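Each chain is listed here by its residues.
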Amino acid sequence: MSVIYLLLAISVAVALVFFVVFVISVRRGQYDDAYTPSVRMLFDDELVTTGEPDKKENPSKPSNK
């Protein structure tokens, strides 16, 4: 039974070490994305509107002409 307590204590200690290392790396900017903002403008496709609505008729509705 004492082996289980020992293993539990070791696993909690290892988990705390990993958590501290993760927090330190996040604070130092290890996971900041420096590549995506420079490429985002290449894939940003916005529709340019001229102010006039489309004058195409909807083919699913019959016209009353």
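Located above this text is the structure these notes cover.
Quick summary incoming for the structure in this document. Since we're looking at a predicted model, the values are computed, not measured.

Thresholds applied
- Residues numbered from 1 in each chain as written.
- Predicted model: local features only at pLDDT ≥ 70, side-chain atom pairs only at ≥ 80, totals over all residues.
- Heavy atoms only, no water.
- Helix = DSSP H or I, 4+ residues; strand = E, 2+ residues; numbered from the N terminus.
- Buried < 20%, exposed > 50% of the residue type's maximum accessible area, 1.4 Å probe, protein only.
- Areas by Shrake-Rupley, 256 points an atom, 1.4 Å probe, with all protein chains shown as cover.
- Phe/Tyr/Trp six-rings, centres within 6.5 Å; stacked < 30°, edge-to-face > 60°.
- Expected span 1.5 Å × (residues − 1).
- Polar contact = N/O pair within 3.5 Å; in protein donor to acceptor, adjacent residues only side chain to side chain.
- Contact = heavy atoms within 4.5 Å.
- Patch = residues over 30% accessible without salt bridge, like charges linked within 9 Å, V, L, I, M, F, W, Y side chains within 5 Å.
- Salt bridge = Lys/Arg side-chain N within 4 Å of Asp/Glu carboxyl O.

Before going further, it helps to spend a moment on the overall build of the chain. Scanning the chain from N- to C-terminus turns up two helices and zero strands. Residue burial in the chain is summarised as follows: out of 65 residues, 3% are buried. For the chain, the accessible area works out to roughly 7000 Å², and carbon and sulfur atoms hold 63% of it.

Moving on: the packing of aromatic side chains. Tallied over the entire structure, the rule returns one aromatic pair. With a centroid separation of 5.9 Å and 45° between ring planes, the pair formed by F22 and Y31 is classed as tilted. What makes F22 partly exposed here is its relative accessible area of 43%. The exposure class of Y31 is exposed, given its relative accessible area of 56%.

Turning to helix α1 (residues 2–27), a few remarks are in order. Taking 1.5 Å of rise per residue, the 26 residues of α1 would be expected to cover 38 Å, and the 38 Å separating its terminal C-alpha atoms lies within 8% of that figure. At the exit of α1 stands G29, carrying a positive phi of roughly 85°.

We now examine the side chain of S25. Locating S25 in the fold gives a position in helix α1. Side-chain polar atoms of S25 contact the backbone oxygen of F22, separated by 2.8 Å. Beyond its immediate stretch of four places on either side in the chain, S25 contacts Q30 and Y31.

Right, let's talk about a nonpolar patch on the surface for a bit. The grouping of V3, L6, L7, I10, V14 and F18 at the surface amounts to a nonpolar patch, some 600 Å² of accessible area in total. Tracing the chain through its elements places L7 in helix α1. The class of L7 is exposed, set by a relative accessible area of 52%.

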